[in-house]
Amino acid sequence: MLPQNAVSAEAHRTRETGLTATEVEERVARGQVNAADVTTSRSIWQIVRTNVMTRFNAILGALFVLIIITGSWADGLFGLVLIVNSGIGVTQECLAKRKLDSLALLNAPITRVVREGRLLEIPTAQVVLDDLIELRTGDQVPADGTLFSAAGLEIDESNLTGESDAVPKSGSDSGDQGDTVMSGTVVVAGSGRFQASAVGVDAYANKIAAQARRFTKTRSEIQDSVDKLLKYITWVIVVALPLQIWAQYRANADQGWREVIIRSTGGLVGLVPEGLVLLTSVAFLLAAVSLTRQQVLVQELVAVEGLARVDVVCLDKTGTLTVGDIVFEEIIPLGDVDEAALRVALGALADDPNANGTLKALASVIPAPADWVRSANIAFNSARKWSAATYDGHDTWVLGAPDMLLDAADPIRERVAGYATTGRRVLLLSNCTSSLTGQDLPPGRCAQALVVLSEQIRPDAAETLAYFRDQGVGIKIISGDSTTTVAAIARRVGLEFTEDGVVDGGSFGTDPADLKELAERTTVFGRVSPEQKRALVQALQAGGHVVAMTGDGVNDALALKDADIGVAMGNGAQATKSVAQLVLLDGRFSHLPTVLAEGRRVIGNVERVANLFVAKNVMSFLAIITAAAFALPFPFLPRQLTLVSAVTIGIPAFFLALGPNKRRYVPGFLRRVLGFAVPAGTIAGIVVIVSYLLGRHHYGVTGSCSIGGAVNDACSQPGTGATIALLATFFWIVVVLARPFLLWKAALIGSMAGLAVLVFLLPSGRQFFGFNLPFGLFLVSMAVGIAGAVAIEIVYRVTPHTRPTAS
């Protein structure tokens, strides 16, 4: 151990000259550098494996391989869905990975350090532990540490804390222990030097970034429901697979193994809602493209649905409800003084080369007089909270905080307090005839006016919050700023709450379990840390709420990441934008109702068309069970079922998914889908069985059905009749689901029916799909199909609680 005087000498040397080259090399070798290479998201291989090796793809992939083995390529059209759906999933997640991996919390690429007595500029990532770092106005602090020296140093910590006021900092050269500075904050005034005590992944800002980088997937009720359906269907297929193969072997053994595989596959493909997953992805994608045109960047597709499910919106104040800038409101003379003359003095004070944010706000609206010459000046400082200047021939003017410039008993303080309760900032403008001396307040000052400023509220904030209230969505304001200021801003944007609805962050902890009741009953939270923001979001979620969080600072990143939907402002910190699902590129709140409308459209329309897919699955299962029970061939070839799926499910579903739908979100997507689709699918299955059996009874089955891709006429007649009946029934399911009936929907269904008729009329169509339709069979099959349509209408009318969402 070094003697105490040796340690003191070492510390003094570091404070004066910084590290030596050898010391830097030693720290680099130990990995004590400012690089924050954190493993993020999932690897490319994991992404591909997750999106390609799914239960859905495994089922269709295996069936596709079997069809290819038989050489009947026409029956393998369903395999295209495999490629398209997997491609969409891989592409979307790779884009998300790129955003997460490029999370750059520190925007300043260059840092000034002192090494071996020389001031150097180096890349921020090359800063090492114990480096002596110099800060100047405009710099972003690259690491955590303790100040050795400071000259008028003020740091904006709103990016981490939400506090909108700059914080004055002092170094250990003032006689006390130096103040702490944290990475990610910004120097707004003065200069200073500090020693880096935490760099890289150990720095505070990078710890937040590391937590924000952890890959999470936004929950989607639609996708969860589809996944659950696929899980159920998997078990159905496990049961149906041996039954189907056994039944088709018994029914088609004399026609060869190819016929057995093709017929078996025809039934099993019908059990998989292959288009539903693809349609869901496309619906999200098209909604995202639409929103991008309106300056809303959708970084996770399912976020479009998510916002429609949200019932609580948590808002940061600084940079979210407010623009983040201070604006001048008015000047209030305190005596018989001409306001125009006071504006001239205010303009002169604002014309300061070292102007802070307040003076810049004044300078933007009040011009500086050309004939006022500054002869002495005291710059604004957050510790003294005032600035002053002497002008030749125009006296000395002082502008600052009233509590620093007024006596304790001055009645003006009451007027100031009244403005403070509304969230406004009030400065006192005073003057005197004596000149400035040193850094002291001049004597003999006379109060001339109150200068009122306020944070600039986003012009669309109040209207948007009113919209959410009307939609039954709860509002919570969670900010790191002063509780009084936050409450005042909340009232200015139209929120109504009692005093009990305002809580200071110093009165509660970070355990979500302890915050459930507090989060439920409180509207405004002030002086809240990033960890507390996250805990409040988790507490609301634990209470059964679907939570959206909006923000712009690094202090919002953790809460945005854990919220069901994170919404970032376009001018916010890169860390915040990278973890958000939605980014309002122009920072306009008024876009959120549009996102909500898109979400409702996606949920309502996907729910509507999901009924089509599930009804087909139920129909196929019933046909498989019947075929197994009576040793019948499966009624359809895969290509025939593909035709039915295309004209009554796939194409109509695509267009129906794009229509308007404004119904509010109602939980129970899967329950409603099953409530309509199961009975509708059962009816369709009965229609198929009856029409097929009638076809066999009247026309019989002889010869080989589809060896080498050719279809025997006699064999195809029962299947053709079943296809006609199924088309009639399923077209009526489309009619039911398309209600209310509009012209474009009528045109859609009419064109699909025309396409189906064309297939039967064209010789090439009949040959490709293997159709043979005697007129008598057509009449019988249409009668069965119409009877099925009537039954569908009855089901729709007697089960209103399970009706699909209507636009």
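Each remark here, short or long, concerns the structure printed above.
From a predicted model like this one, the values you see are computed outputs, not experimental measurements.

Novice: I'd love a proper account of the overall build of the protein, names of residues and values included.
Specialist: Secondary structure assignment for the protein yields 29 helices and 21 strands. For the protein, the residues scored as buried account for 54% of the 807 residues in total. With the model as given, the accessible surface of the protein reaches about 32,900 Å², and the carbon-plus-sulfur share is 59%.

Novice: Describe the environment of Phe-328, naming the residues involved and giving the relevant values.
Specialist: Assignment of secondary structure puts Phe-328 in strand β10 (residues 322-333). The class for Phe-328 is buried, based on a relative accessible area of 14%. In this structure the C-alpha to C-alpha distance between Phe-328 and Ala-363, which are 35 residues apart in sequence, comes to 9.4 Å. In contact with Phe-328, not counting residues within four places along its chain, are Arg-343, Leu-346, Ala-361, Leu-362, Val-365, Ile-366, Val-451, Val-452 and Leu-453.

Novice: I'd like a rundown of the nonpolar core, residues and numbers included.
Specialist: Core analysis: the biggest nonpolar cluster contains 115 residues, and Ile-477, Leu-582, Leu-726 and Ile-733 have the highest contact counts within it. Top element by residues in this core is helix α23 (residues 592-630). It accounts for 15 residues. Residues in contact with Ile-733, not counting those within four places in the same chain, are Leu-612, Ala-615, Phe-676, Ala-680 and Ile-792. Counting 25 residues, the second-largest nonpolar core is a separate cluster that includes Leu-518, Ala-535, Ala-557 and Leu-560.

Novice: Quick one: what's the story with the pairing of strand β14 (residues 425-432), residue by residue and with numbers?
Specialist: Within β14, seven of the eight residues are buried, which leaves it mostly tucked inside the rest of the structure. The pairing of strand β13 (residues 396-400) with β14 spans five bridges and is antiparallel. Bridge pairing in β14 places Thr-396 opposite Cys-432. Bridging between β14 and strand β15 (residues 446-457) involves seven bridges; their strand directions are antiparallel. Following the sheet pairing, Asn-431 is matched in β15 by Cys-446.

Novice: Pulling in residues and values, what's your account of the pattern of salt bridges?
Specialist: In the structure shown here, the tally under the stated rule is 18 salt bridges. With a shortest N-O distance of 3.1 Å, Asp-316 and Lys-533 are connected by a salt bridge. With Asp-316 in the loop between β9 (312-315) and α12 (317-321) and Lys-533 in helix α20 (residues 530-542), this pair connects stretches of sequence that are 217 residues apart. Accessibility classification places Asp-316 together with Lys-533 in one group, the buried group.

Novice: I'd like a rundown of the sheet that holds strand β20 (residues 565-569), residues and numbers included.
Specialist: Read across the open sheet, the eight strands follow the order β8-β21-β20-β19-β9-β16-β18-β17; overall the sheet is mixed. Two strands in the sheet have a free side with no partner beyond their single neighbour: β8 (296-298) and β17 (502-504). Averaged over all adjacent pairs, the angle separating strand axes in this sheet is 20 degrees, with direction ignored. Judged from the four bridges that link them, strand β19 (residues 547-551) and β20 form a sheet pairing that is parallel.

Novice: How would you sum up α20? Please name residues and give values.
Specialist: When the terminal C-alpha atoms of α20 are compared, their 19 Å separation across 13 residues agrees well with the 18 Å that a helix rising 1.5 Å per residue should span. Considered for burial, the residues of α20 that qualify are Pro-530, Gln-532, Lys-533, Arg-534, Ala-535, Leu-536, Val-537, Ala-539 and Leu-540.

Novice: Provide a residue-level description of unusual backbone geometry, including the pertinent values.
Specialist: A positive phi angle is found at Asp-395, which is not glycine, with a value near 70 degrees. For Asp-395, the location among the structural elements is in the loop between β12 (386-391) and β13. With phi around 55 degrees, Arg-527 is a residue other than glycine that occupies positive phi space.

Novice: Any details on a nonpolar patch on the surface? Residues and values, ideally.
Specialist: Residues Leu-286, Ile-651, Phe-654, Phe-655, Leu-658, Leu-742, Trp-744, Leu-755, Leu-758 and Leu-762 make up a contiguous nonpolar surface patch of roughly 780 Å² in combined accessible area. Secondary-structure assignment places Phe-654 in helix α24 (residues 638-656).

Novice: Before we move on, could you go through the packing of α24 against helix α27 (residues 743-761) and cite the residues and values that matter?
Specialist: One can describe the packing of α24 onto α27 by two numbers: an axis separation of 10 Å at closest approach and a directional angle of 160 degrees. With respect to each other, α24 and α27 are oriented roughly antiparallel. For the pair α24 and α27, the crossing hand works out as right-handed. The segment α24 lies against α27, with Leu-643, Val-647, Ile-651, Pro-652, Phe-655 and Leu-656 engaging Trp-744, Lys-745, Leu-748, Met-752, Leu-755, Ala-756 and Val-759. Class assignment of the residues belonging to the contact of α24 with α27 gives a composition of twelve nonpolar, no polar and one charged.

Novice: For empty space enclosed by the protein, give the residues involved together with the corresponding values.
Specialist: Per the stated rule, a full pass over the model turns up three cavities of 30 Å³ or more. Reported here for the second largest cavity is a volume of approximately 60 Å³. As for the second largest cavity, its lining consists of Ala-623, Thr-626, Ala-627, Leu-632, Pro-633, Pro-635, Val-688, Ile-689, Tyr-692 and Leu-693. Of all the secondary structure elements, the ones that give two or more residues to the lining of the second largest cavity are α23 and α25 (669-699). Sort the elements by how many residues they give to the lining of the second largest cavity and α25 lands first, with four residues. When grouped by side-chain class, the residues that make up the lining of the second largest cavity number nine nonpolar, one polar and no charged.

Novice: Break down helix α13 (residues 339-350) for me, with residues and values.
Specialist: With twelve residues, α13 ought to run about 16 Å at 1.5 Å a step, and its terminal C-alpha atoms sit 16 Å apart, in line with that. Those residues of α13 not exposed but buried are Leu-342, Ala-345, Leu-346, Gly-347, Ala-348, Leu-349 and Ala-350.

Novice: Any chance you could break down the side chain of Thr-483 for me, citing the residues and the numbers?
Specialist: As for its placement among the helices and strands, Thr-483 is situated in helix α18 (residues 483-492). Here Thr-483 falls in the buried class, since its relative accessible area comes to 13%. In this view, Thr-483 contacts Val-502, Val-503, Asp-504, Gly-526 and Arg-527; residues no more than four positions away in its chain are not counted.

Novice: Which residues make up the pairing of strand β16 (residues 474-478), and what values do they have?
Specialist: Of all five residues in β16, four are buried, a share of seventy percent or more. As paired elements, β9 and β16 share four bridges and run parallel to each other. Its bridge partner lying in β16, Cys-314 is registered against Lys-476. Where β16 lies against strand β18 (residues 524-526), two bridges are found, and the strand directions are parallel. The residue of β18 that forms the bridge with Ile-477 is Val-524.

How each quantity is defined
Residues numbered from 1 in each chain as written. Predicted model: local features only at pLDDT ≥ 70, side-chain atom pairs only at ≥ 80, totals over all residues. Heavy atoms only, no water. Helix = DSSP H or I, 4+ residues; strand = E, 2+ residues; numbered from the N terminus. Buried < 20%, exposed > 50% of the residue type's maximum accessible area, 1.4 Å probe, protein only. Areas by Shrake-Rupley, 256 points an atom, 1.4 Å probe, with all protein chains shown as cover. Contact = heavy atoms within 4.5 Å. Core = buried A, V, L, I, M, F, W, Y, C linked by side-chain atoms within 4.5 Å. Pairing = 2+ DSSP bridges. Salt bridge = Lys/Arg side-chain N within 4 Å of Asp/Glu carboxyl O. Axes fitted to C-alpha atoms, helices over the stretch in contact; angles between N-to-C directions. Expected span 1.5 Å × (residues − 1). Patch = residues over 30% accessible without salt bridge, like charges linked within 9 Å, V, L, I, M, F, W, Y side chains within 5 Å. Parallel < 35°, antiparallel > 145°, perpendicular 65-115°, else oblique. Left-handed = near helix turned anticlockwise from the far one by under 90°. Nonpolar A, V, L, I, M, F, W, Y, C, P; charged D, E, K, R; others polar. 1 Å grid on protein atoms, 1.4 Å probe; cavity = no way out; pocket = protein on both sides within 12 Å on 5 of 7 lines; lining within 4 Å. Points joined across faces, edges and corners; volume = space filled by probe spheres on them.

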